[in-house]
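Descriptive analysis of the structure
The residues making up each chain are set out below.
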Amino acid sequence: MAAANLPALNRDGRVSVAFAAGVSQADRRRPPPLCLIALVPPDAVWFADRYPHLVVRDTRFRDRDFSVEHVRLSSQEGLDALPKLRDGSRVYDAACLALHSGVPSVHVLLVRVGGAKPWELNRPDLHQALDPFLGDMLGTLLVYPDIGGPFDVRKSPSLAKEEQVRRLIEMAQLNAARWVERYQVALLDAPRMGPELEETLFRSMVGGDVALCRFLPSDYWDGVHGWRSAAALLGGMLTANEDITTAMEDQKIRLPGGRRVSRGRMDALELSGPVFDPILRSDEYAQFQIRGGVATLRSEPVFRRPLGSWSIQALRFVKALHWRLTEAASRFVFDKLHPFQATLLAQALVGATKPFVSRGLLTGPDGVGIPEIRGGVDRNPAAPSLYADVSGLLQPWSQKVSVRVGIRPSGRPTLEIR
């Protein structure tokens, strides 16, 4: 299970989270597949006033310097109230991209924290405000559309400064443990940067449940679409199809209209046809290649170890498996350490893996049969516990998985990736 939520505290220590009357209890309990997180200015529209039926929940106190609104948008209604480029934010366009990708709705967390700029997502007080909301979003894909800002769209995307990359690194480091314990995957837009900053960014991301997203640089399309959130587009494509085993590489999507770019007449006067960049795949970036206004996903790696071995879909699947194992173990209660209790724990985990095994998504370590699950007793006097080892192969990725689920008499289950 995810860690217990931190309380929704304002600066006076008050605890207050309110639920909207127009949203059903079932919808509140169901974690959203995709959620955008955005800092908004103090004078931004209050959805609770203008669109109360779109609010899932919010902080009850109306504090312009510390408050959160969780809204769910499924059509054009409410979209225009989101911050736009003129406000220094890409969240409006990011929500449009996600909906364009085919998701039935997109969830957005709108946060007001101490007059912060949209790109200042590395502030610790921001994450204090977000914890009560993100803590219940088990397995959700998270997108932070403005993390690479500020954005200058008057020209093609320019190289990011060290400060911009540092904010991205700090934000990821603040949240890395949270993403793991909540079975979440973060899709982060990588700004254009020089090789030295790029190497620094890569090193900081190693081991994280995170994907760096971008549009492959293109002289022709940069001004039209290069400023947009590739993470939001990818998040929409990933969650539009509920089957997390669907291969995403080489999937195509026609982009909605971007920004108008004035071009000279040289293209029309050229005798040769357009020259396109070669198809490029990447072990670091989840990247789209744009041709003729159509974006093609060329690669979808994440930074979980071993690098280059995990795709976003494979990681989403293994997180779902981890959650099922931990959930099954959390219902297991014992008073005394005994091999028989370890056998019962192993049997509980066998039941938890059945849905994956029956669909052929989880096999034995050699690719056939069922996963190996063995229980045991750790009689360490300092920390006696039961454990069960699970070994198998994820299909269709042929990705090995080996985890140990442990239980102590008075503690919550632990999951160790081996």
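A brief report on the enclosed structure follows.

Definitions and cut-offs
- Residues numbered from 1 in each chain as written.
- Predicted model: local features only at pLDDT ≥ 70, side-chain atom pairs only at ≥ 80, totals over all residues.
- Heavy atoms only, no water.
- Helix = DSSP H or I, 4+ residues; strand = E, 2+ residues; numbered from the N terminus.
- Buried < 20%, exposed > 50% of the residue type's maximum accessible area, 1.4 Å probe, protein only.
- Contact = heavy atoms within 4.5 Å.
- Areas by Shrake-Rupley, 256 points an atom, 1.4 Å probe, with all protein chains shown as cover.
- Phe/Tyr/Trp six-rings, centres within 6.5 Å; stacked < 30°, edge-to-face > 60°.
- Lys NZ or Arg CZ within 6 Å of the ring centre and 35° of its normal.
- Core = buried A, V, L, I, M, F, W, Y, C linked by side-chain atoms within 4.5 Å.
- 1 Å grid on protein atoms, 1.4 Å probe; cavity = no way out; pocket = protein on both sides within 12 Å on 5 of 7 lines; lining within 4 Å.
- Points joined across faces, edges and corners; volume = space filled by probe spheres on them.
- Nonpolar A, V, L, I, M, F, W, Y, C, P; charged D, E, K, R; others polar.

**Thoughts on the overall build of the chain**
Helices and strands together make up the secondary structure of the chain, namely 11 helices and 16 strands. Burial analysis of the chain (418 residues in total) assigns 51% to the buried set. Considering only contacts in the chain between residues 6 or more positions apart, those separated by 24 or more positions represent 69%. Of the roughly 19600 Å² of accessible surface on the chain, a fraction of 51% belongs to carbon and sulfur atoms.

**A few points about the packing of aromatic side chains**
Under the definition given, this model contains 8 aromatic pairs. Each ring, one from Phe47 and one from Tyr51, has its centre 5.6 Å from the other, and the planes form 45°; the classification is tilted. The exposure class of Tyr51 is buried, given its relative accessible area of 16%. Taking 5.0 Å as the distance between ring centres and 75° as the angle between the ring planes, the aromatic pair formed by Tyr220 and Trp221 counts as edge-to-face. Note on Tyr220: relative accessible area 39%, which makes it partly exposed. The structure contains a cluster of three or more aromatic residues connected by ring pairs, namely Phe202, Tyr285 and Phe303. Over the face of the ring belonging to Tyr285 we find Arg214, whose NZ or CZ atom lies 4.0 Å from the ring centre.

**Quick notes on the nonpolar core**
Counting residues in hydrophobic clusters, the biggest one holds 79 residues, and the most contacted among them are Phe47, Leu73, Leu187, Leu233, Leu234, Phe288 and Leu349. Ignoring any residue separated from it by four or fewer positions in sequence, one finds Leu234 in contact with Leu187, Cys213, Ala286, Phe288, Leu297 and Ile312. With 38 residues, the next largest nonpolar core counts Cys35, Ile147, Met193 and Val210 among its residues.

**Points about the environment of Arg254**
In this fold, Arg254 is placed in strand β9 (residues 252–254). Separated by 40 residues in sequence, Arg254 and Val294 place their C-alpha atoms 4.2 Å apart. Once you skip the residues sitting within four places of it in the chain, Arg254 turns out to touch His100, Gly292, Gly293 and Val294.

**Examining the layout of surface pockets**
For the largest pocket, the calculated volume is near 1000 Å³. Pro31, Pro33, Leu138, Gly139 and Arg316 are, among the 34 residues lining the largest pocket, the residues nearest its centre. Elements represented by at least two residues in the lining of the largest pocket include exactly α8 (230–240), α10 (312–330) and α11 (339–358). With 6 residues, α10 is the single largest residue contributor to the lining of the largest pocket. Classifying every residue of the lining of the largest pocket gives 18 nonpolar, 7 polar and 9 charged.

**Things to note about empty space enclosed by the protein**
Applying the stated criterion to the full structure yields 1 cavity of 30 Å³ or more. Each pocket or cavity is described by its volume, and for the largest cavity that value is around 30 Å³. In this structure, the largest cavity is lined by Val40, Ala44, Val45, Phe47, Ala81, Pro83 and Leu110. Looking at side-chain class alone, the lining of the largest cavity contains 7 nonpolar, no polar and no charged residues.

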